[in-house]
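Residue-level structural notes
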Amino acid sequence: MTPPGEEVHVDVEGRTLKLSNLGKVLYPATGTTKGEVLDYYARIAPVLLPHLAGRPVTRIRWPHGVQDMSFFEKNAPAGTPSWVRTAKVPTTGSRGESRYGDTLVFPIVEDLATLMWMANLAALELHVHQWSVDEDGDPVGADRVVIDLDPGEPAGLHECCQVALLAREALDERGLAAYPVTSGSKGLHLYAPLDEPLPPDETSALAKEVAEELQEAYGDRVTATMTKARRAGKVFFDWSQNAGSKTTVAPYSLRGKERPTVATPLGWDEVEAGAEDEMELGQFSFTEVLQRVEEYGDLFADALPG
């Protein structure tokens, strides 16, 4: 740990990084420091980086900790090291495009040094699109469908697990295998990899079709409507995150919540247990996730494209 304002220089795979304020508490409820956040991202990198590769990364930063203000950052910030890979992509009116006109210049996180540089900026949450860029930085189609199951109180993760099982069946009928990930917040995400990339409007239409099918069949439990007033006691089946401009928190990313929880890949047996008993499954902390990876490996590995 270093005194406030003090910097340390470290070598990360041949890159020299300046790390600062390692003793700063970023999660007051648990006393979790910036140094511990960096340690988590360094240790989880072998399973995290493959799921970030080729995907523009939007960051949510909490420079003063999760008890304070945060901000979204899409463009690579001023001072980005020259060795950080970036991709210039067209914007559809997203915030932050003014610096580059009608494009956004995203960082691409494919190595440990870039991940550590980003974490040192207190970028606790890493969000990615469902599409990626090729070696030249040009966008290619979406290689997966994502579904965000968001519970409306008093529904919770237990109800999300029940709806996830219904969604798994509906996706299976369409020839798609789904992989579950806790959101690290309240709900559950499902990812279904595609054999061939598709335009985001097609993946959005597919996800919306499933959402409306389940809403029609299980309207007492599922809603495909974004209106919050209609979500009470139901699970919102959010299909909209497949749009080309939308992002979803990456598997293994920390969340900027009261505790340092993580978007955590699951086995379907865990989802089934969570659907049976609301006490069987909760959101996982970063220490629990490291233990899970050591014990089970990457439960999300089969969701990689190709």
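This text follows the structure it describes.
About the thresholds
- Residues numbered from 1 in each chain as written.
- Predicted model: local features only at pLDDT ≥ 70, side-chain atom pairs only at ≥ 80, totals over all residues.
- Heavy atoms only, no water.
- 1 Å grid on protein atoms, 1.4 Å probe; cavity = no way out; pocket = protein on both sides within 12 Å on 5 of 7 lines; lining within 4 Å.
- Points joined across faces, edges and corners; volume = space filled by probe spheres on them.
- Nonpolar A, V, L, I, M, F, W, Y, C, P; charged D, E, K, R; others polar.
- Pairing = 2+ DSSP bridges.
- Helix = DSSP H or I, 4+ residues; strand = E, 2+ residues; numbered from the N terminus.
- Contact = heavy atoms within 4.5 Å.
- Axes fitted to C-alpha atoms, helices over the stretch in contact; angles between N-to-C directions.
- Buried < 20%, exposed > 50% of the residue type's maximum accessible area, 1.4 Å probe, protein only.
- Phe/Tyr/Trp six-rings, centres within 6.5 Å; stacked < 30°, edge-to-face > 60°.
- Lys NZ or Arg CZ within 6 Å of the ring centre and 35° of its normal.

Thoughts on empty space enclosed by the protein
Throughout the structure, instances matching the rule amount to 1 cavity of 30 Å³ or more. Around the largest cavity, the lining residues are Y252, T264, P265, V289, R292, V293, G297 and L299. Here the lining of the largest cavity is built from residues that sort into 5 nonpolar, 2 polar and 1 charged.

As for the sheet that holds strand β16 (residues 248-249)
Taken together, 4 strands build an open sheet; the order of strands is β6-β5-β9-β16 and the sheet is antiparallel. The open sheet has two edge strands with one neighbour each: β6 (71-73) and β16. In this sheet, β16 lies alongside strand β9 (residues 123-128) in antiparallel orientation, the contact comprising 2 bridges. What sits directly across from H127, in β16, is V249. Packed onto the sheet, helix α2 (residues 112-120) meets β5 (57-61) and β9 and runs at close to 125° relative to β9.

Some details on the environment of Y218
Mapped onto the elements, Y218 comes out in the loop between α4 (200-217) and β14 (222-223). Through-space distance from the C-alpha of Y218 to that of L166 is 9.4 Å; in sequence the pair is 52 residues apart.

Quick look at the pairing of strand β15 (residues 235-238)
Neither face of β15 is open: one carries V235 and F237, the other F236 and D238, and all of them are buried. Taken together, the 4 bridges between strand β11 (residues 139-151) and β15 define a ladder with antiparallel strand orientation. Looking at β15, one finds that D150 is bridged to F236. Where β14 and β15 come together, 2 bridges link them in parallel fashion. From the neighbouring strand, T223 faces β15, where its bridge partner is F236.

A word on the packing of aromatic side chains
Per the counting criterion, the structure on display carries 4 aromatic pairs. Ring plane angle 85° and centroid distance 6.5 Å describe the contact between Y179 and F300, whose orientation is recorded as edge-to-face. Of this pair, Y179 sits in strand β12 (residues 179-182) while F300 sits in the segment after α6 (286-296), and the two are 121 residues apart along the sequence. For the pair shown, Y179 and F300 are each scored as buried. Grouping aromatic residues by their ring pairs yields a cluster made of Y40, Y41 and F286. Note that R168 overlies the ring of W268, its terminal NZ or CZ placed 4.5 Å from the centroid.

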